[in-house]
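# Architecture and fold: a report
Residue strings, one per chain:
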Amino acid sequence: MDRPLAIWLLIFAVGAITFTARLSFIALFARRRMPPLLAEALKHVPVAMLTAIVVPAVVFVPAGVLRLDLGNPKLVAALVAGAVAWWTKSAVSTIVVGMGVLWLLRWLVG
Amino acid sequence: MRAHFSREGFLEGVRDIAPMMLGMVPFGMVCGLGAVAAGASPLAALAMSMIMFSGAAQIVATQMLVAGAPFGVILLSCLVVSLRLLMYSAAMAPYLRPLDHRWRNLLSFLLTDQAFARTIQRFRRSADLRFNASYFLGSGTLTWVSWQLSAVLGIVAGRIIPVSWDLEFVVPLCFLAVLAPVLRDRVSVLVCIVATAAVIALDAMPLRLSMVCGGLLGIAAGILGDKLKGGHG
């Protein structure tokens, strides 16, 4: 499948998924209560999935090569930015500090 | 449709959510930028933002496409990151049940982290359904419009800014900005540690399944952690 076609198919397929998830309890199974195990699981979805998205982008540089050492500028930048996010809860500060550290390290290493 | 519309409700919804829009702009930009970087035309990148209307799903879809994941795995991953919307849907359902289906469909489409956070408080405080539904419509509409404007900014930026600036690193930073502040109790930290270890250990899995599996293992650890905590009082 070529890339542009795949992208358009994805747009509609994922669009259907997000809309169905939003509609779920409001319209589709409006009469039903959420099963307790599902409710428990959903509580942990944000932390688990955000971690699973962020970590590979930071420790596999380039893709497939694990770099857990401080010579990996993306890892250092993410650790500093994570600390800033934890303290300030500000998205803008997190992005500014994270990109700043990354650029600084890249510039120092040359 | 008209029957439920309250102009004051709509405008108050718009006003109340406006301050949250600024924090959304970088994320919306990153989504537009990421789509262009994944090979989407500017039109497709905007359509993605308009139709999927979910930062997490948009980012996961584009990143996995670039990583060469098969279609089915991309859909599965998007489904898992969209699970939190079920939570919002269930919380909103009792309040929206009396509305007719057109209102419910429209408000469901506009259900986002931001609109949920703002609107649920209003529904809990007051029983004026007509006003509340319009309030939701106002905050949801402003969120949707702001999201598209930020996507356009990102699409434009993606065509101007050189690749050597590593701008795609803004994507994990955006997620980090949401993730780090919620790591304030032991179970959340446990979920984060297990998901980190799992996603690293499973990286060699075929079809780029490591993300979904790492996430699911993290969720399982969370359920287990809650049980243990409950057991000890």
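Remember, predicted model here, so these are calculated numbers, not experimental data.

## Things to note about the overall build of chain A
Along its length, chain A carries 4 helices and 0 strands. Put simply, chain A runs from its N terminus to its C terminus through helices and strands in the order α-α-α-α. Since a compact globule built from 110 residues should have a radius of gyration of about 13 Å, the 20 Å found for chain A marks it as more spread out than a globular shape. Across its three principal directions, the C-alpha atoms of chain A cover 60 × 40 × 25 Å. Residues counted as buried form 40% of the 110 residues belonging to chain A. For chain A, contacts bridging at least 24 residues in sequence account for 26% of all contacts bridging at least 6.

## A few points about the interface of chain A and chain B
At the interface, 59 residues of chain A touch 72 residues of chain B. In terms of residue count, the dominant contributor to the side of chain A that touches chain B is helix H1 (residues 3-28) of chain A (21 residues). Each residue belonging to the side of chain A that touches chain B can be placed in one class, and the counts come to 45 nonpolar, 8 polar and 6 charged.

## Considerations on the domain arrangement of chain A
The domain boundaries assigned to chain A delineate domain 1 (1-32) and domain 2 (43-109). Between the C-alpha centres of domain 1 of chain A and domain 2 of chain A the distance comes to 30 Å.

## What about the packing of helix H3 (residues 73-88) of chain A against helix H9 (residues 170-179) of chain B?
Interaxial distance between H3(A) and H9(B) falls to 8 Å at its minimum, and their mutual angle equals 35°. Both H3(A) and H9(B) take part in a crossing whose hand is right-handed. Contacts between H3(A) and H9(B) involve A:Ala78, A:Ala81, A:Gly82 and A:Ala85 on the former and, on the latter, B:Pro172, B:Leu173, B:Leu176 and B:Ala177. Its residues placed into classes, the contact of H3(A) with H9(B) shows 7 nonpolar, 1 polar and no charged.

## Topic: the environment of A:Val54
Along the chain, A:Val54 turns up in helix H2 (residues 36-59). Expressed as a C-alpha distance, the spacing of A:Val54 and A:Ala78, which sit 24 residues apart in the sequence, is 9.1 Å. Setting aside anything within four residues of it in sequence, one finds A:Val54 in contact with B:Pro172, B:Phe175, B:Leu176 and B:Leu179.

## Quick word on the domain arrangement of chain B
Residues and elements named next belong to chain B. When the domains of chain B are assigned, the result is domain 1 (2-165) and domain 2 (183-231). The distance between the C-alpha centroids of domain 1 and domain 2 comes to 26 Å. Counting from both sides, the interface comprises 8 residues of domain 1 and, opposite them, 6 residues of domain 2. The biggest single contributor to the side of domain 1 that touches domain 2 is helix H4 (residues 71-81), with 4 residues. Considered class by class, the residues forming the side of domain 1 that touches domain 2 number 7 nonpolar, 1 polar and no charged.

Rules of the game
- Residues numbered from 1 in each chain as written.
- Chains lettered and ligands numbered in written order.
- Predicted model: local features only at pLDDT ≥ 70, side-chain atom pairs only at ≥ 80, totals over all residues.
- Helix = DSSP H or I, 4+ residues; strand = E, 2+ residues; numbered from the N terminus.
- Rg over C-alpha atoms; globule rule 2.2 N^0.38 Å.
- Buried ≥ 20, exposed ≤ 12 C-beta atoms within 10 Å, placed from the backbone.
- Contact = placed C-beta atoms within 7 Å.
- Nonpolar A, V, L, I, M, F, W, Y, C, P; charged D, E, K, R; others polar.
- Domains from an automatic or database assignment.
- Axes fitted to C-alpha atoms, helices over the stretch in contact; angles between N-to-C directions.
- Left-handed = near helix turned anticlockwise from the far one by under 90°.

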